[in-house]
Amino acid sequence: DGNINGALLLPNKEIIAYGRYGMLLRSNDQGNSWQQKFIGTQRDIYDIKLKHNVLYAVGGNGLFMTSTDYG
């Protein structure tokens, strides 16, 4: 729906989807089921990139977050 801004396939074969109001969803079964995760913000997440096993997220109002454990 309009709340999802994007999705990313992780090296461990999990999928994360992200979007409005700090939404982060994870799937470890190829998208058949999803678990919602709270990441400590309600700001929109515009994009997440993976580089050298670190996730970098950017979003609204200057949001910048990193994760070394895939979120």
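As the structure is a prediction and not an experimental result, all values here were calculated from the model.

Draft legend 1. Up close: a nonpolar patch on the surface. On the surface, a nonpolar cluster with roughly 410 Å² of combined accessible area is contributed by Tyr 46, Tyr 56, Val 58 and Phe 64. Its location among the elements puts Val 58 in strand β6 (residues 54–59). Relative accessible area serves as the criterion here: at 36%, Val 58 is assigned to the partly exposed category.

Draft legend 2. Local environment of the pairing of strand β3 (residues 24–27). Both faces of β3 are covered, namely the face carrying Leu 24 and Arg 26 and the face carrying Leu 25 and Ser 27. Note: strand β2 (residues 15–19) against β3, 4 bridges, orientation antiparallel. The residue of β3 that forms the bridge with Ile 15 is Ser 27. Count of turn residues in the β2/β3 antiparallel hairpin: 4 residues, of which Tyr 21 carries a positive phi of about 60°. Relative to strand β4 (residues 35–37), β3 is paired through 3 bridges, and the arrangement is antiparallel. Each residue of the ladder has a partner; that of Leu 24, found in β4, is Lys 37.

Draft legend 3. Spatial organisation of the side chain of Ser 67. By the secondary structure assignment, Ser 67 is in strand β7 (residues 64–67). At a separation of 2.8 Å, a polar atom in the side chain of Ser 67 contacts the side chain of Asp 69. Once you skip the residues sitting within four places of it in the chain, Ser 67 turns out to touch Asn 53, Val 54 and Leu 55.

Draft legend 4. View of the sheet that holds strand β1 (residues 4–9). An order of β1-β2-β3-β4 is seen for the 4 strands of this open sheet, with the pairing classed as antiparallel. Each end of this open sheet is capped by a strand with a single partner; those strands are β1 and β4. Each strand of the sheet is rotated relative to its neighbour by a mean of 25°, with strand direction disregarded.

Draft legend 5. Focus on the sheet that holds β7. Reading across from one edge, β5-β6-β7 is the order of the 3 strands in this open sheet, with antiparallel pairing throughout. Each of the sheet's edge strands pairs with one partner strand only, and the pair in question is β5 (45–51) and β7. Going from strand to strand, the sheet's axes swing by 20° on average, the running direction of each strand aside. In terms of strand pairing, β6 meets β7 through 4 bridges, oriented antiparallel.

So, how was this worked out
Residues numbered from 1 in each chain as written. Predicted model: local features only at pLDDT ≥ 70, side-chain atom pairs only at ≥ 80, totals over all residues. Heavy atoms only, no water. Patch = residues over 30% accessible without salt bridge, like charges linked within 9 Å, V, L, I, M, F, W, Y side chains within 5 Å. Areas by Shrake-Rupley, 256 points an atom, 1.4 Å probe, with all protein chains shown as cover. Salt bridge = Lys/Arg side-chain N within 4 Å of Asp/Glu carboxyl O. Helix = DSSP H or I, 4+ residues; strand = E, 2+ residues; numbered from the N terminus. Buried < 20%, exposed > 50% of the residue type's maximum accessible area, 1.4 Å probe, protein only. Pairing = 2+ DSSP bridges. Polar contact = N/O pair within 3.5 Å; in protein donor to acceptor, adjacent residues only side chain to side chain. Contact = heavy atoms within 4.5 Å. Axes fitted to C-alpha atoms, helices over the stretch in contact; angles between N-to-C directions.

Geometric values such as these leave the question of function open.
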